[in-house]
Amino acid sequence: MNNLCFDDILSKRIKFGKVQIQTFLIISLLDIIDGSEFMFLQLMNAIIYKEWSLSLGQLIVLTTIFNLGQFIGAMFYGQFSDQTGRKSMIISSLLLFIATFLTAFVQDLPQLLILRFLFGFLFGITSPVSSILMAEVTPLHIRGQFIVTLQMMCIVGRMWVLLLAILFLDSIASGNWRALAITNSVQSIICLIGSIIYLHESPRFLISQGKIKEGVEGINFMGRMNDKDYVDLSDEEVQSLQQWRKIIFEQQYEKKSFKDLFNQENLPITWRAYSLSIIAMLMQSGLYIIIPFLFDEEEKTLLDLFYTVLIEIPAVLLVVCLIDRIGRLPIILIGTVTSAIAIFIIWYWKARFLLLGLVTFKFFNRMIFISFTPLVLESYSTVYRSLGTGTTIAFGSATGFISPAIILHLYEKDNYSPFLVSFFILIIMTIIFATYPRDLTRKPLDIKFEKED
């Protein structure tokens, strides 16, 4: 038992069962909320722009304030979740998510900007936490599949809003958006109740923090949930976990800070993760903002917009089948190359291939982003996982804060010029991913620290 680590306990003693399924069902609602809010805000931008006769400058502020909140929220998460825990961050963010309901009653732009900032702050907090919690309680041989499947719930959330939009909106840029806001707030309450009653803290996190007793209790609880014949950890197994924690984490926690993301161990991951998050958000945030406007100008319908979201479901299912077989990086590289081709076709042939090109782009772009999340969060040790993942999202959000000002000005001059910019971004992403140093597919999360000393 001297070489016992948490992943051994997770795979051989806790195994897979009811506890992972229960955790997935609860936090999947969190991802549904994230996806539904994201799509709701996209639609509302186009409606408010016309309904309130906003200027281009006001529209830019409206679209950037969300990203500013997301940047601050992600930084907040990265700094504090390793002290407060995964579950507490989920519950605290969900309490604020109920504020979605208040959007239906805003009367002017300042009120809306305050709520948009709040939504962005919450989105920044919740974006990394669900995947991190799922990764820390799932056996390594199916970890990637569950993280990817969890992210599919964001797509389900966006489809949910589009279905509601078909009921409440007259077109992409007109209709009863207030009724849409009210109905879109219901799932937040359900998720909050489920998180308080049924969600449990990650034992891996507790042990890494030195809370051995609480961590062992969490392990035994999970084991009993999964197997009625489960036998609690022996003293020898507990001692082995303590030794594992001492070797992997003890010295790290004494000196952990933001600058340690740039130490010799983390630097090859950090600079690539930050760079990819920044340029990817410049592309994604910009394109997602202009799509409703472009569809409205090209006289596309809500159903056409629905197709561009629906196509992401088979993309996720394909990744679920492949991610723990061929790995994260091969899927990502296939996605970046194919997405670049689709974007170039849209730019060159414009409206003629707009819908087909976007459907193709959304398919392969979804493959990139759902594989990028496990790639990054697995690259960092449990000590740095929240800080590394949270700040990666935060720096991407910072770019999202400035991208509307760039993309909307480009769009005003030439509706299709943002696609040419996105083509070059995807080429750069392909080069960076091709040099990514670590893919921990089917490997223990903290394996990289075993080589130190």
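Residues numbered from 1 in each chain as written. Predicted model: local features only at pLDDT ≥ 70, side-chain atom pairs only at ≥ 80, totals over all residues. Heavy atoms only, no water.

The protein chain goes by Major facilitator superfamily (MFS) profile domain-containing protein in an unreviewed UniProt entry, where it is assigned to Paramecium tetraurelia. The Subcellular location (unreviewed entry) field of the UniProt record for the protein chain holds the comment "Membrane". (UniProt positions renumbered as here; feature names shortened; annotations may be inferred.)

1. Section: the packing of aromatic side chains
Where two aromatic rings form a pair, the distance of their centres and the angle of their planes describe that pair. As enumerated under the stated definition, the model contains 20 aromatic pairs in all. Ring centres 5.6 Å apart and planes at 85 degrees place the aromatic pair Phe-24 and Phe-146 in the edge-to-face group. Separated by 122 residues along the polypeptide, Phe-24 in helix H2 (residues 18-51) and Phe-146 in helix H6 (residues 143-168) bring together distant segments of the chain. Clustering of aromatic rings is evident, with ring pairs tying together Phe-344, Trp-347, Tyr-348, Trp-349, Phe-353, Phe-423 and Phe-424. The ring of Tyr-288 has Lys-362 lying over it, and the distance from NZ or CZ to the ring centre is 5.0 Å. (Phe/Tyr/Trp six-rings, centres within 6.5 Å; stacked < 30°, edge-to-face > 60°. Helix = DSSP H or I, 4+ residues; strand = E, 2+ residues; numbered from the N terminus. Lys NZ or Arg CZ within 6 Å of the ring centre and 35° of its normal.)

2. What to know about the domain arrangement of the protein chain
Assigned domains of the protein chain: these are domain 1 (1-254) and domain 2 (257-442). The straight-line distance from the C-alpha centre of domain 1 to that of domain 2 is 20 Å. Counting residues at the interface gives 59 residues for domain 1 and 56 residues for domain 2. With both sides pooled, the region where domain 1 packs onto domain 2 buries about 5,000 Å², and carbon together with sulfur makes up 72% of that total. For the pair domain 1 and domain 2, the interface holds 4 salt bridges. Residues Glu-378 and Arg-143 are paired through a salt bridge, measuring 2.9 Å at the closest nitrogen-oxygen approach. Connecting domain 1 to domain 2 are 8 residue pairs in polar contact (both at pLDDT 80 or more). At the level of secondary structure, the elements contributing two or more residues to the side of domain 1 that touches domain 2 comprise H2, helix H3 (56-84), helix H5 (109-137), H6, strand S1 (169-171), helix H9 (203-208) and helix H11 (235-255). (Domains from an automatic or database assignment. Contact = heavy atoms within 4.5 Å. Buried area = accessible area lost by both parts, 1.4 Å probe. Salt bridge = Lys/Arg side-chain N within 4 Å of Asp/Glu carboxyl O. Polar contact = N/O pair within 3.5 Å; in protein donor to acceptor, adjacent residues only side chain to side chain.)

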